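Chain and residue survey
Spelled out, the chains give:
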Amino acid sequence: MTTDLLQQAAASNQWAAIFPELSLGCLALLLLGLEMVLPKDNQRQIPLVALVGQAGILVGLLINFYTATLDTETFNSLLRHTHQGQVMRVFFLVASLLVTMLGMISLPKQKVPRVEFYHIVLVISAAMMLLAQSNHFVMLFVALETVTVGFYILVSYFRTSPFSLEAGLKYLVMGALSSGLLLFGIALLYGVAGNPALPGHTAEPMGFSGLHSFLATGANAHHFLAASGVLLVLAGIAFKIGAFPFQIWIPDVYQGAPTPVTAFLAVGSKAAGFAVLFNLLQVFSPCSWLLVPVITVMAAATILFGNFAALTQHNVKRLLGLSGVSHAGFLLLGVVASVTVPMAVGAVHFYLFAYLLASFAVFGVMAHVAGANDADQELDHYAGLAKTNPFLAAVLVIGLGSLAGIPPLAGFMGKLFIFVAAFKAGHYGLLGVAIVGVVVSIYYYFGWIKAAFFETPTASGDECQASRPQISVGLVARVVLTLLAMATVVLGFYQGPLGVWVALR
Amino acid sequence: MISVSLNAYLALSVILFALGFLGVLVRRNTIVIFMCLELMLVAATIAFVAFSCYNGTMDGNVFVFFILTVAAAEVAVGLAIIVALFRRRQTIQVDQLDSLKN
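These numbers come from a predicted model, not from an experiment.

The next thing to look at is the overall build of chain B. Counting its regular elements, chain B contains three helices and zero strands. Taken over the C-alpha atoms alone, chain B extends approximately 55 × 30 × 25 Å along its principal axes. Taking all 102 residues of chain B together, 41% fall into the buried category. Residue pairs at least 24 apart in sequence account for 57% of intrachain contacts in chain B once pairs closer than 6 positions are excluded. Accessible surface, chain B as shown: approximately 5,600 Å² in total, 70% of it carbon and sulfur.

As structure tokens, this is what we get:
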């Protein structure tokens, strides 16, 4: 390699373009440093440092939203900065802020080290932000594995609880399996796109643009190895978003994981999967003869499985996990529609934001109601919540109503946008399945609301209540939960700026 | 110099991958499952190196280093979880790890 080439490569390393990720990494290291130097009494301030630091980075990101590097490729085409990528960056930062907040509620109930939790959350968020902007399979793989390995640790974070460890092991086996599938898919695509015997072969078979131009040439999209590679990569991503038939790990892992981590998995990890899916769908667009039918079937099965399996659940974390599976199905519906109708991309992003607000409202309530055993959160524990704590009950109703898609909440508008996009794209059968799914989902969401409002604690419930300390809601948590609930209501009536902002391409 | 065709390498890679995949599905001991997962990664590595050699691009060879690093990180975290779980439950057989249920 000549010096010219090296200089060229170095010139494309625009460090300013990944400033938010770099500052998140530095903040994560700062937390560990603070833990070493601060005296024991002051260490409970460290989560606040994380909170303030992330808020600062979020403000910085919003101010510099339209940077000079928008719509360019940096780091020798490893990264590509797009408007959608910027939107997802904001999404992941908001999610990690809220996870930090949930951690401040949940962690003090356990005897575990605190600071490492926030550290890993920050590292995962930075990796997810890079993942959403990756433009090269090496970048994609490394960022995805940083997220996944971080989640292995977070899921088994309550290491004194056998439930948390068991969930961690199950997530580890399933996550590593999906990484293996993804990796083998990448290997096949790399091999076939660089094959000198094929027309349109490329010198950059790992880069997204090179691969796209290869697939678009001649009959390459129908090549057996290329099609298998595309399917294997899709399978690897489907594991992350919890789409049928790769959703088996969800109920167990969601139940065993600490509540803030469950929220992070449900919102952050799923959104990261969809961000990657959108990027890859553009790369694989010549293969849409194969992808559209596969994702259509996957979406229908995901919606049906998620909703019907959630009907019989009594543990609220499993219930939210399976309802999250059905939400992934609705989002997949938007993904299928986005192949022909460009507005579907904006619809999916709006849905993700509505899902984020509603999910964190519900998980915030769960983190307060949960007792010392984090895996044991039954519907019965919510009996009489409206009497003992009307504030939490009100937030719960708004969150669950939005998840169920009750007008006029944000979740309803999210579903409406996606359904309109699917209608425009002509996926009528899938739309019918989705509407059945929505109707079924109302049943189990309302079962939960019924428990909180109309049931009085039973005899066994009384014992549980007696063993539980009085729920007290701190000031920060109260403000954040109120904001989440208000945003959910306001976005239902008025989508204006957010709707326009996420739909810009 | 013995010449081995690309297809031979690919066949080996696919066989190893299939063995690993089936192993994850049917084996009951967590450590063995873990070995099968590593086998899948190694299968992908063989495919990368073979393709890299026959296509004349270096990307595949470089990717192998990333795979090795990631696999090492995965093993470090995974074995830690298995050890912690064994201390709690005195077992690592997957059919006995069924405390998470509805």
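Before going further, it helps to examine the overall build of chain A. Counting secondary structure elements, chain A contains 21 helices and two strands. Relative to the globule expectation of 23 Å for 505 residues, the C-alpha radius of gyration of chain A, 23 Å, shows essentially globular dimensions. Taking all contacts inside chain A whose residues are at least 6 apart in sequence as the whole, residues at least 24 apart take part in 78%. When the 20 positive and 18 negative side-chain charges of chain A are each reduced to one mean point, those points stand 6 Å apart.

Before going further, it helps to spend a moment on the confidence of the model for chain B. Looking at chain B as a whole, the pLDDT averages 90, with 97% of positions reaching at least 70. For this predicted complex, the interface score ipTM comes out at 0.95, while the overall pTM is 0.93.

Residue and element names in this part refer to chain A. Checked against the element boundaries, P47 lands in helix α3 (residues 46-63). Given a relative accessible area of 10%, P47 falls into the buried group. Separated by 241 residues in the primary sequence, P47 and S288 have C-alpha atoms spaced 46 Å apart. Beyond its immediate sequence surroundings of up to four residues, P47 is in contact with T100, M104 and Y118.

Residues and elements named next belong to chain A. Together, L304, F308 and V436 give the surface a local cluster of nonpolar side chains, amounting to about 240 Å² of exposed area. Mapped onto the elements, L304 comes out in helix α12 (residues 288-310). Look at L304 and you get partly exposed, because its relative accessible area is 33%.

A few words now on the environment of V14 of chain B. Residues and elements named next belong to chain B. With respect to the helices, strands and loops of the structure, V14 is situated in helix α1 (residues 6-26). A residue is classified by how much of its surface remains accessible, and V14, at 45% relative accessible area, is partly exposed. In sequence terms V14 and A43 are 29 residues apart; their C-alpha atoms lie 6.9 Å from each other.

Oppositely charged side chains can form a pair if their charged atoms are brought close together. The final tally for this structure, using the stated rule, is six salt bridges over all chains. In this structure, R89 of chain B engages E166 of chain A in a salt bridge whose closest nitrogen and oxygen atoms are separated by 3.1 Å. Placement of R89 of chain B in helix α3 (residues 59-89) and of E166 of chain A in helix α7 (residues 162-193) is noted, with the two residues assigned to different chains. On the basis of relative accessibility, which here comes to 24%, the residue R89 of chain B falls in the partly exposed class. Relative accessible area serves as the criterion here: at 0%, E166 of chain A is assigned to the buried category. Two residues, D252 of chain A and R318 of chain A, come together in a salt bridge whose shortest N-O distance is 3.0 Å. Taken together, the positions of D252 of chain A in helix α10 (residues 250-256) and R318 of chain A in helix α13 (residues 316-338) put the pair 66 residues apart, joining distant regions of the chain. Its relative accessible area of 15% is what places D252 of chain A among the buried residues. Taking relative accessible area as the criterion, R318 of chain A reaches 9% and is therefore assigned buried.

Reading the values: rules and limits
Residues numbered from 1 in each chain as written. Chains lettered and ligands numbered in written order. Predicted model: local features only at pLDDT ≥ 70, side-chain atom pairs only at ≥ 80, totals over all residues. Heavy atoms only, no water. Helix = DSSP H or I, 4+ residues; strand = E, 2+ residues; numbered from the N terminus. Buried < 20%, exposed > 50% of the residue type's maximum accessible area, 1.4 Å probe, protein only. Contact = heavy atoms within 4.5 Å. Areas by Shrake-Rupley, 256 points an atom, 1.4 Å probe, with all protein chains shown as cover. Rg over C-alpha atoms; globule rule 2.2 N^0.38 Å. Lys, Arg positive; Asp, Glu negative; His and termini not counted. Charge placed at Lys NZ, Arg CZ, Asp CG, Glu CD. pLDDT = per-residue confidence, 0-100. Patch = residues over 30% accessible without salt bridge, like charges linked within 9 Å, V, L, I, M, F, W, Y side chains within 5 Å. Salt bridge = Lys/Arg side-chain N within 4 Å of Asp/Glu carboxyl O.

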